Amino acid sequence: MIMVIDQSGSMSDGRYGISKMEMAKEAAIRGLESLTDDDYIGVVAFDNNFSWVVEVTKVEGQKQQIADKISSIGPMGGTSILPALNEANKVIQNVNSKLKHIILLTDGQAEQNGYTSVINSMRNTGVTLSTVAVGSGADSALLEDLAEQGNGRYYFSNEFSDLPEIFAKETFLAGKEYI
């Protein structure tokens, strides 16, 4: 599983003293907790650019180190989904696993075009894509379409405190579908 997480400046917004970024990090950590030692995880953070927070690695005995890296993500910059999604797809192709799933989380607007080749690549190689829209500023139409084309699920939450539960559920469902 690769988690592609928006770290744009708008992720610093929040309610009750808790930012969307903090809840997204908690969500990723909850998703990590749902994985077994035999699973693989990678985390890509994106704004105008992307970077690997956690390069794809086997979870085995590393949950705390992986959680610490996820906790280091901080909000900055704009929102550009396509390069990060392309990178996640490129890397997941080389993971030796029967189940390959990407979760994309964002609260913003991004490129409207250019997704066809990455989605086709995912579908042709059995990679699934689920998306999470955080708040009314997210491009729900785009994210819903990406999830549908990616044979995954689409989630919308105006209550970003729901994010940890969504990630845990998504991690469970992705594995359950495979079983």
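As shown above, the structure is provided for reference.
Here we summarise the structure given alongside this text. Note that this is a predicted model, so its numbers are computed, not measured.

Rules used in this analysis
Residues numbered from 1 in each chain as written. Predicted model: local features only at pLDDT ≥ 70, side-chain atom pairs only at ≥ 80, totals over all residues. Heavy atoms only, no water. Helix = DSSP H or I, 4+ residues; strand = E, 2+ residues; numbered from the N terminus. Rg over C-alpha atoms; globule rule 2.2 N^0.38 Å. Contact = heavy atoms within 4.5 Å. Areas by Shrake-Rupley, 256 points an atom, 1.4 Å probe, with all protein chains shown as cover. Lys, Arg positive; Asp, Glu negative; His and termini not counted. Charge placed at Lys NZ, Arg CZ, Asp CG, Glu CD. Buried < 20%, exposed > 50% of the residue type's maximum accessible area, 1.4 Å probe, protein only. Arc of directions from axis to C-beta. Axes fitted to C-alpha atoms, helices over the stretch in contact; angles between N-to-C directions. Parallel < 35°, antiparallel > 145°, perpendicular 65-115°, else oblique. Left-handed = near helix turned anticlockwise from the far one by under 90°. Nonpolar A, V, L, I, M, F, W, Y, C, P; charged D, E, K, R; others polar. Salt bridge = Lys/Arg side-chain N within 4 Å of Asp/Glu carboxyl O. Pairing = 2+ DSSP bridges.

This part is about the overall build of the chain. For the chain, the helix and strand inventory stands at 6 helices and 8 strands. Counted from the first residue to the last, the chain has its helices and strands arranged as β-β-β-α-β-β-α-α-β-α-β-α-β-α. The C-alpha atoms of the chain give 15 Å as radius of gyration, which agrees with the globular expectation for 179 residues (16 Å, within 12%). Reported as C-alpha extents along the three principal axes, the dimensions of the chain are approximately 40 × 35 × 25 Å. Of all intrachain contacts in the chain linking residues separated by at least 6 positions in sequence, the fraction that spans at least 24 positions is 69%. Working note: accessible area of the chain is about 8,200 Å², and carbon and sulfur atoms make up 45% of it. The centroid of the 14 positive side-chain charges in the chain is displaced by 5 Å from the centroid of its 24 negative side-chain charges.

Turning next to helix H5 (residues 140-149). Each α-helix winds once per 3.6 residues, and so residues spaced three or four apart point in a common direction. Taken residue by residue, H5 has Leu142, Leu143, Leu146 and Ala147 as its buried positions. Buried positions in H5, seen along its axis, are confined to an arc of 130° and lie on one side of it. Across from the buried face of H5, at angles greater than 90 degrees, the exposed residues are Ala141 and Glu148. In the core, the buried residues of H5 are packed alongside helix H3 (81-92), strand S6 (100-106), helix H4 (116-125), strand S7 (127-134) and strand S8 (154-157). Phi for asparagine 151, located one or two positions after H5, is positive at around 55°.

Another aspect to go through is the packing of H3 against H4. Taken N-terminus to C-terminus, the directions of H3 and H4 make an angle of 25°; their axes are 10 Å apart at the nearest point. The pairing of H3 with H4 is recorded here as roughly parallel in orientation. By crossing handedness, the relation of H3 to H4 is classed as left-handed. From H3, Leu82, Leu85, Asn86 and Asn89 reach across to H4, where they touch Val118, Ser121 and Met122. Of the residues contributing to the contact of H3 with H4, the split by class is 4 nonpolar, 3 polar and no charged.

With that settled, consider the side chain of aspartate 139. With respect to the element layout, aspartate 139 can be found in the loop between S7 and H5. Lysine 20 is the oppositely charged side chain nearest to the buried, salt-bridge-free aspartate 139, at an N-O distance of 14 Å. In this structure aspartate 139 touches Gly108, Gln109 and Gln112, once residues within four positions along its chain are discounted.

For the rest of this paragraph, the subject is the sheet that holds S6. With mixed pairing, the 6 strands of this open sheet are ordered in space as S5-S4-S1-S6-S7-S8. If you trace the sheet from one side to the other, it starts and ends with strand S5 (50-58) and S8, each paired once. Across the sheet, the mean angle separating the axes of adjacent strands is 10° when strand polarity is ignored. For S6 and S7, the ladder comprises 7 bridges, and the chain directions are parallel. For leucine 104, the partnering residue across the bridge sits in S7 and is threonine 131.

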